[in-house]
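# Structural description and commentary
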Amino acid sequence: MAGSDADISKHVKMYLGVFAALFLCTILTVAVSTVHLGHTNNVIVALVIASFKASLVALIFMHLKWESSKIIWITLGLCAIAFSILMIVPMLTANGFPASTVFSTWG
Amino acid sequence: MSAGVLPYTVEPHPVTGLYSGKLGTWLFLASEVMLFGGLFSAYILLRVGAPEGTWPTHEEAHLSWKIGGFNTLLLIISSVTMVMAWANLKMNNFPKARMYLIVTVILASLFLTLKISLEYYPHWHDGLKPSTNVFFGLYYTLTALHGLHIFGGIVVMLYFIGPGAGLWKTNPEYYTNRIECTGLYWHFVDLVWIFLFPILYLMN
């Protein structure tokens, strides 16, 4: 990424802008949780806002926006695939094994 | 390059295009994604599979969104101060960078203090322990693991504020890179909390 004083000064303004966005998104997350959209929809909206906030942190604070190294993008791509599998598989199995087995003794 | 000196601490490696510390940090963070990913996966499995009425409600969970929200704010501000520390090092302003690092440590310590004094302690006192039910088992596992990461970050930052700061005088670029790596880790810790907050505090 660029490293001159002028570039860094521009980045500093961007950091403050991202802070404002993160702050507003946190308020939005709380506000949306009080609106009854149905449990599934509430979860989806909260996770979409959280993903947006996480993207801002990763792109700006972690400098991914300026990162050109392929090895980082390959690592992150593989991570994203593995993470997606970890999130999707339990949702798919929600109404069958192993969830029903796990909760047969719930309570 | 003399024997015993780590290579590529400042200049990028010709193959990866990264200095070694940054590559190592990103690979470490990839393993962290898998660690927290496994726990998030367990949470989703148990949450969506819970029969109606068995998952604790807001009241039963005893988690205040106000405390969680305030802690979220603390971590977001600490991410800003962390990146400002790096930016000031890039602009050769070490005293200001150090000041931002100190503020980051204070915010992180405040986060842990609030977490322990306003949540863990009263919960434990009320008999809400990891063994109470599945929710509290996951809650304590996720938040305590995250808390340990916060504590680890504080230790690393204190090192760079104190004894590790001498590197700035001998090799400022190396020091700046080390702060960038610390920052990458710290932003990741913030990132994990960004997901933990709505999942634990707002979705019951």
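Treat the numbers as computed from the prediction; the structure is a model and nothing was measured. (Residues numbered from 1 in each chain as written. Chains lettered and ligands numbered in written order. Predicted model: local features only at pLDDT ≥ 70, side-chain atom pairs only at ≥ 80, totals over all residues. Heavy atoms only, no water.)

Let's shift gears to empty space enclosed by the protein. This model, assessed by the stated rule, comprises one cavity of 30 Å³ or more. What the largest cavity holds in volume is close to 40 Å³. Lining the largest cavity are A:F61, A:H63, B:M82, B:V83, B:W86, B:I179, B:E180, B:G183, B:L184 and B:H187. Only α3 (65-90) and α7 (172-202) of chain B provide two or more residues apiece to the lining of the largest cavity. Per element, the largest residue contribution to the lining of the largest cavity is five residues, and it comes from α7(B). For the lining of the largest cavity, the residue count by class is six nonpolar, three polar and one charged. (1 Å grid on protein atoms, 1.4 Å probe; cavity = no way out; pocket = protein on both sides within 12 Å on 5 of 7 lines; lining within 4 Å. Points joined across faces, edges and corners; volume = space filled by probe spheres on them. Helix = DSSP H or I, 4+ residues; strand = E, 2+ residues; numbered from the N terminus. Nonpolar A, V, L, I, M, F, W, Y, C, P; charged D, E, K, R; others polar.)

The next subject is a nonpolar patch on the surface. On the surface, A:I74, A:L78, A:I81, A:I85 and A:V89 cluster together into a nonpolar patch covering about 490 Å² of accessible area. Along the chain, the position of A:V89 falls in helix α3 (residues 70-92). (Patch = residues over 30% accessible without salt bridge, like charges linked within 9 Å, V, L, I, M, F, W, Y side chains within 5 Å. Areas by Shrake-Rupley, 256 points an atom, 1.4 Å probe, with all protein chains shown as cover. Salt bridge = Lys/Arg side-chain N within 4 Å of Asp/Glu carboxyl O.)

Time to look at the interface of chain B and chain A. Accessible area lost upon the coming together of the parts is a frequently used measure of interface size. The interface is formed by 51 residues belonging to chain B together with 48 residues belonging to chain A. When residues of chain B are sorted by the area they lose upon contact with chain A, B:W26, B:L45 and B:M203 head the list and together hold 13% of the total. Counting across the interface, chain B meets chain A through one salt bridge. One salt bridge connects A:E67 with B:K22, and the closest N-O pair in it is separated by 2.9 Å. At the boundary of chain B and chain A, one finds four residue pairs in polar contact (both at pLDDT 80 or more). Elements represented by at least two residues in the side of chain B that touches chain A include exactly α1 (20-49), α3 and α7 of chain B. Tallying contributions element by element places α1(B) first for the side of chain B that touches chain A, with 18 residues. Classifying every residue of the side of chain B that touches chain A gives 37 nonpolar, nine polar and five charged. (Contact = heavy atoms within 4.5 Å. Buried area = accessible area lost by both parts, 1.4 Å probe. Polar contact = N/O pair within 3.5 Å; in protein donor to acceptor, adjacent residues only side chain to side chain.)

Residues and elements named next belong to chain B. One way to put it is that α3 packs onto α7 with a least axis distance of 9 Å and a crossing angle of 165°. One finds that α3 runs roughly antiparallel with respect to α7. Relative to α7, the crossing made by α3 is left-handed. Residue composition of the contact of α3 with α7, grouped by class: 15 nonpolar, 10 polar and three charged. (Axes fitted to C-alpha atoms, helices over the stretch in contact; angles between N-to-C directions. Parallel < 35°, antiparallel > 145°, perpendicular 65-115°, else oblique. Left-handed = near helix turned anticlockwise from the far one by under 90°.)

Attention now moves to the packing of aromatic side chains. Residue and element names in this part refer to chain B. All chains considered together, the criterion is met by 22 aromatic pairs over all chains. When the ring of F135 is compared with that of Y139, the centres are 6.2 Å apart and the planes differ by 15°; the resulting orientation is stacked. Pair noted here: F135 and Y139 are both in helix α5 (residues 134-161), with a separation of four residues, about one helical turn. You can call Y139 buried: its relative accessible area is 0%. (Phe/Tyr/Trp six-rings, centres within 6.5 Å; stacked < 30°, edge-to-face > 60°. Buried < 20%, exposed > 50% of the residue type's maximum accessible area, 1.4 Å probe, protein only.)

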